[in-house]
Amino acid sequence: MKTSAQGFTGLHMLLSTSAFFCVVIAVNVTMAFYASSRWSGLVVENTYVASQEFNRKAAAMKAMATSGIEGTLSIKGHEIRYDIHDKSGSPAIVDDVVLNFKRPVGDHEDFHLTLRKTAAGRFEAEHGLAEGDWIVEAISRNGGVVVMHEAKRLDTAELGQ
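Parameters at a glance
- Residues numbered from 1 in each chain as written.
- Predicted model: local features only at pLDDT ≥ 70, side-chain atom pairs only at ≥ 80, totals over all residues.
- Heavy atoms only, no water.
- Helix = DSSP H or I, 4+ residues; strand = E, 2+ residues; numbered from the N terminus.
- Rg over C-alpha atoms; globule rule 2.2 N^0.38 Å.
- Buried < 20%, exposed > 50% of the residue type's maximum accessible area, 1.4 Å probe, protein only.
- Patch = residues over 30% accessible without salt bridge, like charges linked within 9 Å, V, L, I, M, F, W, Y side chains within 5 Å.
- Areas by Shrake-Rupley, 256 points an atom, 1.4 Å probe, with all protein chains shown as cover.
- Salt bridge = Lys/Arg side-chain N within 4 Å of Asp/Glu carboxyl O.
- Lys, Arg positive; Asp, Glu negative; His and termini not counted.
- Polar contact = N/O pair within 3.5 Å; in protein donor to acceptor, adjacent residues only side chain to side chain.
- Contact = heavy atoms within 4.5 Å.
- UniProt positions renumbered as here; feature names shortened; annotations may be inferred.

Okay, the overall build of the protein chain next. If you tally the helices and strands in the protein chain, you get two helices and seven strands. Walking the protein chain from its N terminus toward its C terminus, one meets helices and strands in the order α-α-β-β-β-β-β-β-β. Taking 2.2 N^0.38 as the reference for a compact globule, 161 residues should give roughly 15 Å; the C-alpha atoms of the protein chain span a radius of gyration of 27 Å, well beyond that estimate. Along the three orthogonal principal directions, the C-alpha set of the protein chain runs to about 105 × 40 × 25 Å. Per-residue burial over the protein chain gives 25% buried out of 161 residues.

Here the focus is a nonpolar patch on the surface. Together, Phe20, Phe21, Val24, Ile25 and Val29 give the surface a local cluster of nonpolar side chains, amounting to about 470 Å² of exposed area. Within the secondary structure layout, Val24 lies in helix 1 (residues 10-37). Val24 sits in the partly exposed class, given a relative accessible area of 30%.

Here we take up the pattern of salt bridges. Across all of its chains, the model carries eight salt bridges by this definition. Here Arg56 makes a salt bridge to Glu53, at a shortest N to O gap of 3.9 Å. In this pair, Arg56 and Glu53 are both assigned in helix 2 (residues 47-67), three residues apart and thus about one turn of the helix distant. According to the relative accessible area criterion, Glu53 is partly exposed, its value standing at 28%. The salt bridge involving Arg81 is made with Glu124; its shortest N-O contact spans 3.8 Å. Remark: Glu124 occurs in strand 5 (residues 122-126) and Arg81 occurs in strand 2 (residues 79-85); sequence separation between them is 43 residues. We note that Arg81, like Glu124, is buried. Members of the salt-bridge network, linked through shared partners, are Glu53, Arg56 and Lys57.

What follows covers the side chain of Glu150. Residue placement: Glu150 occurs in strand 7 (residues 145-155). The buried charged residue Glu150 lacks any salt bridge partner; its closest oppositely charged side chain belongs to Lys152, at an N-O distance of 4.1 Å. Polar side-chain contacts of Glu150 include one of 2.4 Å to the side chain of Tyr82. Not counting residues up to four positions away in its chain, the partners in contact with Glu150 are Gly71, Tyr82, Val136, Glu137 and Ala138.

Moving on to the UniProt feature "transmembrane region" (unreviewed entry) in the protein chain. With numbering matched to this structure, UniProt assigns "transmembrane region" (unreviewed entry) to residues 12-35. The span residues 12-35 shows a helical share of 100% and a strand share of 0%, and its end C-alpha atoms are spaced 35 Å apart.

Residue placement: Thr156 occurs in the segment after strand 7. Classification of Thr156 as buried rests on a relative accessible area of 3%. At a separation of 2.8 Å, a polar atom in the side chain of Thr156 contacts the main-chain amide nitrogen of Gly132.

All right, on to the environment of Asp110 then. Examined against the element boundaries, Asp110 turns out to sit in the loop between strand 3 (96-102) and strand 4 (111-119). A residue is classified by how much of its surface remains accessible, and Asp110, at 31% relative accessible area, is partly exposed. Each C-alpha atom of the pair Asp110 and Gln52 lies 25 Å from the other, and the pair is 58 residues apart in sequence. The contact partners of Asp110, leaving out residues within four places of it in the chain, are Phe101, Lys102 and Arg103. There is a polar contact of 3.0 Å between the side chain of Asp110 and the backbone nitrogen of Arg103.

Pasting the structure below:
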């Protein structure tokens, strides 16, 4: 009786190497598909320019934070209201307010609203807001000069909608 013990042959090596690279290629294709079909950050048109402007914007935001001007955003149903006041609590002198609504993931639902002034320091608009998380950027100007620029994250579930 003759037994044949071949062991690990060249064919086994070829199949093992081929299987390994097939798995690596499949994982890379899957990751490339998910990376191109989903977007997980905010959109910046030119990253180089944005990086060069960072220090200037950071100094401007620090100056706005020390000014004591604050805004309060309230959303009830389709009614969106933004109240802005100074350190003493009296209405801040502001001509116009623009709210930019952005989704944390993706930009296909983003929109901006120019609010109408209804009283000193009070601005309102009517607009439906889809469910989920939003980043709301408020830009308040007086005479074309930005008085307050802030961003807040909100969830419509917390608003009772």
